[in-house]
Amino acid sequence: MEKLDVEKLKEVGNASVEALNIAAQMIKPGAKLIDVAKAAEGHVAEKGFDFAFPINISINGQAAHYTPSLNDELAFGENDIVKLDFGAAKDGLLGDVALTVSTASDNRHASMLEATKEALDEAISMVKAGARVSDIGKAISAKIEAKGFQPIRNLGGHGVGVHNLHADIFIPNYDNGDDTALEEGQLIAIEPFATLKNGKGIVVEGDAEEIFQFEQSANVRMENSRKLLKAIMEKYSTEPFAARWLGSVLNDRFALYSSLHDLMRAGAISSYPVLVESSGAIVSQHEAEMVVGKDSCDVVAIV
Ligand code: MN
Ligand code: MN
């Protein structure tokens, strides 16, 4: 395995964490999602980093992959449980870190937030070369269940490669029987997700599509689609991008989203649809990124 530049990774991690802290402080009833996104992404850009992916701001039954749309009008409600997931990037080294915050004025979400945070801390304490991913998953689900919740079984941690957010290894949030062992020097992200006991514990794709990925060049006829594809290939050919980032190319919602769908049909781009708990139950998440060591791990991003 190629030796990772851990110091550079920590700089990427720090920028990601700073941006998330800025975002977390802004999450209040009535605040607009797009202002939070602009502040977090603006911080990373100002620090001279690229983006590993657009900031994900996923509310209540959404588990992941919502990012504000072009000219998004959405605002946070009174009792929202909000997942913030983001990463800066440098030379293909990708940050990936997340936390959950609540807009409730009481502590109704407190134990759910603790469940995923404690599960994450427990998992981190187990990370070392030779640790089996199913044992980590078992510990994650035990912590979540001890708080009266259940893990989401079809989301989990993963290896992180250069320009590759989901590489090689999968780290489940329950005991899935996978004997795969962690290897020294591996960069991984661990991300426990919890939902209510009477939820399904499974996420499915919802309707919203705001995050896209360039796949390959393609011949498209419509002028708008050609313009859009050119901009995507120039600026966002490696990491996932947000539809709203292309507002300087097509600043009309209908034109932008129709052209994105035209490019999807042509195979030039793909999408990451928003992921929702299949029963609509609320979801919490915490995520950290670390390098696997011989006897422990070196955390590069945690919030
Ligand atoms: Mn993430
Ligand atoms: Mn991740």
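In the block above lies the structure referred to throughout.
Residues numbered from 1 in each chain as written. Chains lettered and ligands numbered in written order. Predicted model: local features only at pLDDT ≥ 70, side-chain atom pairs only at ≥ 80, totals over all residues. Heavy atoms only, no water.

Participant: Outline the packing of aromatic side chains, listing residues and values.
Facilitator: Two aromatic rings, taken as a pair, are described by how far apart their centres are and by the angle between their planes. Inspection of every chain in the model, using the stated rule, returns six aromatic pairs. Plain terms: the ring middles of F53 and F86 are 6.5 Å apart, the flat faces sit at 85° to each other, and that makes the pair edge-to-face. Residue F53 is located in strand β1 (residues 50–59), and its partner F86 is located in strand β3 (residues 81–90); the two are separated by 33 residues in the primary sequence. On the accessibility criterion, F86 (0% relative accessible area) is buried. Following the ring pairs from residue to residue traces out a cluster consisting of F51, F53, F86, F212, Y236, F241 and W245. The ring of F49 has K90 lying over it, and the distance from NZ or CZ to the ring centre is 5.1 Å. (Phe/Tyr/Trp six-rings, centres within 6.5 Å; stacked < 30°, edge-to-face > 60°. Helix = DSSP H or I, 4+ residues; strand = E, 2+ residues; numbered from the N terminus. Buried < 20%, exposed > 50% of the residue type's maximum accessible area, 1.4 Å probe, protein only. Lys NZ or Arg CZ within 6 Å of the ring centre and 35° of its normal.)

Participant: Lay out the coordination of the manganese ion (ligand 2) with the relevant residues and their values.
Facilitator: Distances from the manganese ion (ligand 2) to its protein donors, D96 (OD), H158 (NE2), E191 (OE) and E287 (OE), fall at 2.1 to 2.2 Å. Donor residues binding the manganese ion (ligand 2) come from one chain and are separated in sequence as D-x61-H-x32-E-x95-E. A separation of 3.2 Å is found between the manganese ion (ligand 2) and the manganese ion (ligand 1), both of which receive a donor from D96. Note that D96 is positioned in the loop between β4 (93–94) and β5 (97–102) and H158 in strand β7 (residues 157–161), a separation of 62 residues in sequence. H158 sits in the buried class, given a relative accessible area of 3%. (Donors = N, O, S within 2.8 Å, 3.2 Å for Na, K, Ca; no water.)

Function cannot be read off these values alone, since they describe shape.
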